[in-house]
Amino acid sequence: MNYNDQMKNRIKRIEGQLRGILKMMEENKDCKEVITQLSASRTALDRTIGLIVSANLVECVRNADKNGENTEELVEQAVNLLVKSR
């Protein structure tokens with residue numbers, strides 16, 4: 001799969017968020033602030049997972065359709081990936 005710049009940039013932003021959280025923890029910031037940032041990071045990861053799975057699904061379905069293959073299994077695998085990521 002080709003991971004585009006949008007996907008990579010999302011991961012870089014998440015990495016920055018996590019570094020910021022670590023710094024907050026080292027500075028003994030308030031628990032609520034840390035949890036808020038952790039929650040935001042988790043949401044960003046969930047959205048990135050969804051983006052990657054959907055892009056992969058589109059690519060795989062197109063390839064399977066060209067080759068006359070059944071796409072039902074591909075959709076099922078994508079759904080399982082999304083469920084597993086939760």
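Cut-offs applied
Residues numbered from 1 in each chain as written. Predicted model: local features only at pLDDT ≥ 70, side-chain atom pairs only at ≥ 80, totals over all residues. Heavy atoms only, no water. Helix = DSSP H or I, 4+ residues; strand = E, 2+ residues; numbered from the N terminus. Rg over C-alpha atoms; globule rule 2.2 N^0.38 Å. Buried < 20%, exposed > 50% of the residue type's maximum accessible area, 1.4 Å probe, protein only. Axes fitted to C-alpha atoms, helices over the stretch in contact; angles between N-to-C directions. Parallel < 35°, antiparallel > 145°, perpendicular 65-115°, else oblique. Contact = heavy atoms within 4.5 Å. Nonpolar A, V, L, I, M, F, W, Y, C, P; charged D, E, K, R; others polar. Left-handed = near helix turned anticlockwise from the far one by under 90°. Patch = residues over 30% accessible without salt bridge, like charges linked within 9 Å, V, L, I, M, F, W, Y side chains within 5 Å. Areas by Shrake-Rupley, 256 points an atom, 1.4 Å probe, with all protein chains shown as cover. Salt bridge = Lys/Arg side-chain N within 4 Å of Asp/Glu carboxyl O.

The protein goes by DNA-binding FrmR family transcriptional regulator in an unreviewed UniProt entry, where it is assigned to Peribacillus huizhouensis.

Draft legend 1. Local environment of the overall build of the protein. Scanning the protein for helices and strands turns up three helices and zero strands. Sequence-ordered secondary structure for the protein, helices as α and strands as β, is α-α-α. Its C-alpha atoms give the protein a radius of gyration of 17 Å, clearly above 12 Å, the size a compact globule of 86 residues would have. With the principal axes as the frame, the protein shows a C-alpha extent of 60 × 25 × 10 Å. Counting all 86 residues of the protein, 13% fall into the buried class.

Draft legend 2. Local environment of the packing of helix α2 (residues 31-66) against helix α3 (residues 72-84). Across the interface, α2 lies against α3 with an axial gap of 10 Å and an inter-helix angle of 170°. Taken together, the axis directions place α2 and α3 in an arrangement best described as roughly antiparallel. Seen from α2, the contacting residues are Ile49, Gly50, Val53, Leu57, Cys60, Val61 and Ala64; seen from α3, they are Leu74, Val75, Ala78, Leu81 and Leu82. The residue makeup of the contact of α2 with α3, split by class, is eleven nonpolar, one polar and no charged.

Draft legend 3. The packing of helix α1 (residues 5-26) against α2, seen in detail. Interhelical geometry of α1 versus α2 gives an angle of 165° and a closest axis separation of 10 Å. When the interaxial angle is binned, α1 and α2 end up roughly antiparallel. As α1 packs across α2, the resulting crossing turns out to be left-handed. Partitioning the contact of α1 with α2 into residue classes produces 15 nonpolar, five polar and three charged.

Draft legend 4. Representation of a nonpolar patch on the surface. A cluster of nonpolar side chains, namely Leu18, Ile35 and Leu38, defines an oily patch on the protein surface of about 250 Å² accessible area. Its place among the elements puts Ile35 in helix α2. Judged by its relative accessible area of 47%, Ile35 falls in the partly exposed class.

Draft legend 5. Representation of unusual backbone geometry. In the Ramachandran plot, Asn28 falls in the positive-phi region, its phi being about 55° despite a non-glycine side chain. On the basis of relative accessible area, Asn28 is assigned to the exposed category, the value being 68%.

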